[in-house]
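Chain by chain, the residues:
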Amino acid sequence: MLFTASALSITGLVAVPIVDPCRATALASHHSGGERYYGNDARDGRDGADGRDGRHGTSRTLRLPNDSPIQLDLSGEAGEEGRDGEDAEWQRCVRQPRHTRYDLQAADGGNGGDGGIGGDGGDGGTLTVYYADPADLRQVYVNAIAGNGGDGGRGGNGTRGCHCDDDSWRVEICEDGSCTEEHYECDDGDDGYDGRDGHDGAAGKIGRLVAINQLDPLPAESPSTAMAVSTLANQTISLSRNLWRTQAGARGLLAPGSIIADDYQLYADHIERQFKLDWQAPQDASRISDNLAVSLLPSGEVDVQFPEDYWLLGSRMDQDELTTYRVDGMVPVSQVTQLAMGRVAGRSRTFEVNVIDQAQLSDELETEFHIRYSTSRDGGGRDEGTRTRYTVQHEGPVPSDLVVRDHNRFTLALGRLPIRSQLMSGGTQVKVELIATRRYGENSKQQTLTWTGRL
């Protein structure tokens, strides 16, 4: 191989000849510029598996008295421990390349795997006891302890990154008697992180006692229902509920040493009521498929939740065991704000606008209007090429005597508002903002309509 008289030398080292200039360009484009990694990054450790949740304790139902003492294990199972995260692979650092004409980056260390989450402990089971004599409960020993949560796994250890043998070096390039010096650096690899410890599982809940001071089975209950308005209209349905009281002292009722929550549920009573939906609204109930929800509350009151997509007019009557809800009107909320600007005509004292109710509900709804009337001094020109400038000249309610309704069309005589006539004269650029408030019983909703133009 032929060499030129030019030489490449490393500062402080012996000069090394470079290759023929005809091949130097290709060599330089392959080896010079940018940062290069050397070596392989260490493999991260795998995460530890989560622990399995503990099994819940068995629930039991008893009827007392019994021939012999009873011992029950209704305990919840402990959660399983989370597995430890795996340590990262130990780094195998390779020898740093020497005298390169590019920066170097040493290989990174690996991250340790995260520890697995501990499993949750199982709940203790529920003990339901039917009895005639409270003294019979003393023959029942129960262990309804909750299972502990499993410990979280430990995070794995991270490993250190590789270190450079030389942090920096210089390369002197000489050609045709002219020499330049290039500076290069090597960055150490990053150390890996230790994995996170998994958190411990939650402890389960201790089991509870349900005490029923009778031997007969409890009556069936139907405390709530949801039915389409079309189905429920003019129908009567029955509701029922078993009532319970929360008492303290469960451990004192059972055999000594029993492990169970001290608060328990004691059967108190059974109540029944009927509900009727008396449909007197002009709207056709058969077209309303939305559900109406009816619930019998522990207080004995019947709670009625009508569909949120409708406004309702009606009244309620409670008599003996029957609750009747009379519906006098029902309108879809989505149709309340379907007003639109209609014809705009006149000027000065004859200026008026029309508003059209596209849903045709104006016979059922109360409608009021609030106005913000503005004019443009620049005659409709653009402000910095973006928008017309308006000045508010009048704002307030539109009196009811200036609003004429013809079925679903409103005519607002705005020219009779206390606004100077020159502000409504021909050629004036105006903006009319109408805020319509529509009411139906205790419900209300607003809609804003805007018209801009030249009178």
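See the structure above.
Just so we're clear, the structure is a prediction, and the values are computed from it rather than from any experiment.

Asker: Mind showing me how you'd approach the pattern of salt bridges here?
Answerer: A side chain with one charge may pair with a side chain of the opposite charge, provided their charged atoms come close. Applying the stated criterion across every chain, the model contains 21 salt bridges. Here Arg326 and Asp328 are joined by a salt bridge, their closest N and O atoms 2.7 Å apart. Within the structure, one salt-bridge network assembled from shared partners comprises Arg43, Arg46 and Glu86.

Asker: For this particular structure, what's the right way to read the sheet that holds strand S15 (residues 291-296)?
Answerer: Note on sheets: strands pair through backbone hydrogen bonds, and any given pair is parallel or antiparallel. Spatially, the three strands line up as an open sheet ordered S12-S15-S16, and their pairing is antiparallel. Sheet topology places strand S12 (224-228) and strand S16 (302-305) at the edges, where each strand pairs with a single neighbour. Ignoring strand direction, the axes of neighbouring strands in this sheet form an average angle of 20°.

Asker: Whenever I open this one, unusual backbone geometry confuses me. Can you help?
Answerer: Backbone geometry follows two general trends: most residues other than glycine have a negative phi, and most peptide bonds adopt the trans configuration. With an omega dihedral of 15°, the bond running from Leu64 to Pro65 counts as a cis peptide bond. Here Pro65 shows up in the loop between strand S4 (60-63) and strand S5 (70-73). Positive phi, normally seen in glycine, also occurs at Asp176, with a value near 55°. Along the chain, the position of Asp176 falls in the loop between strand S9 (168-175) and strand S10 (178-187). A positive phi angle is found at His407, which is not glycine, with a value near 60°.

Asker: Help me understand the sheet that holds strand S21 (residues 366-375) in this model?
Answerer: A sheet is described by the order of its strands in space; here four strands give the open sequence S22-S21-S25-S26, paired in antiparallel fashion. Sheet topology places strand S22 (391-397) and strand S26 (443-454) at the edges, where each strand pairs with a single neighbour. For this sheet, the mean inter-axis angle between neighbouring strands, taken without regard to orientation, is 15°. Two strands pair when backbone bridges link them, and S21 and strand S25 (residues 429-440) are joined in this way by 10 bridges, in the antiparallel orientation. Across the sheet, residue His370 finds its bridge partner in S25, namely Ile435.

Asker: Could you clarify how one ought to interpret the state of the cysteines in this entry?
Answerer: By definition, a disulfide links the sulfur atoms of two cysteines through a covalent bond. In the structure shown here, the tally under the stated rule is three disulfides. There is a disulfide in this structure between Cys93 and Cys162, and the S-S distance comes to 2.0 Å. Torsion about the S-S bond of the Cys93 and Cys162 cystine: about -95°, corresponding to left-handed handedness. A residue pair is termed long-range when its members are at least 10 positions apart, and Cys93 in the loop between S5 and strand S6 (103-106) and Cys162 in the loop between strand S8 (140-143) and S9 qualify at 69 residues. There is a disulfide in this structure between Cys174 and Cys179, and the S-S distance comes to 1.9 Å. Measuring the twist about the S-S bond at about 110°, one finds the Cys174-Cys179 disulfide to be right-handed. Look at the chain and number its bonded cysteines as they come in the sequence; the links are 1-2, 3-6, 4-5.

Asker: Is there a simple way to explain the environment of Leu313 in this structure?
Answerer: Of note, Leu313 is situated in strand S17 (residues 310-319). For the pair Leu313 and Ala281, spaced 32 residues apart in sequence, the C-alpha to C-alpha distance is 8.5 Å. Setting aside residues no more than four positions away along its own chain, Leu313 makes contact with Arg326, Val327, Asp328, Gly329, Tyr440 and Gly441.

Reading the values: rules and limits
Residues numbered from 1 in each chain as written. Predicted model: local features only at pLDDT ≥ 70, side-chain atom pairs only at ≥ 80, totals over all residues. Heavy atoms only, no water. Salt bridge = Lys/Arg side-chain N within 4 Å of Asp/Glu carboxyl O. Pairing = 2+ DSSP bridges. Helix = DSSP H or I, 4+ residues; strand = E, 2+ residues; numbered from the N terminus. Axes fitted to C-alpha atoms, helices over the stretch in contact; angles between N-to-C directions. Disulfide = S-S within 2.5 Å. Contact = heavy atoms within 4.5 Å.

Any link to function would need more than the numbers given here.
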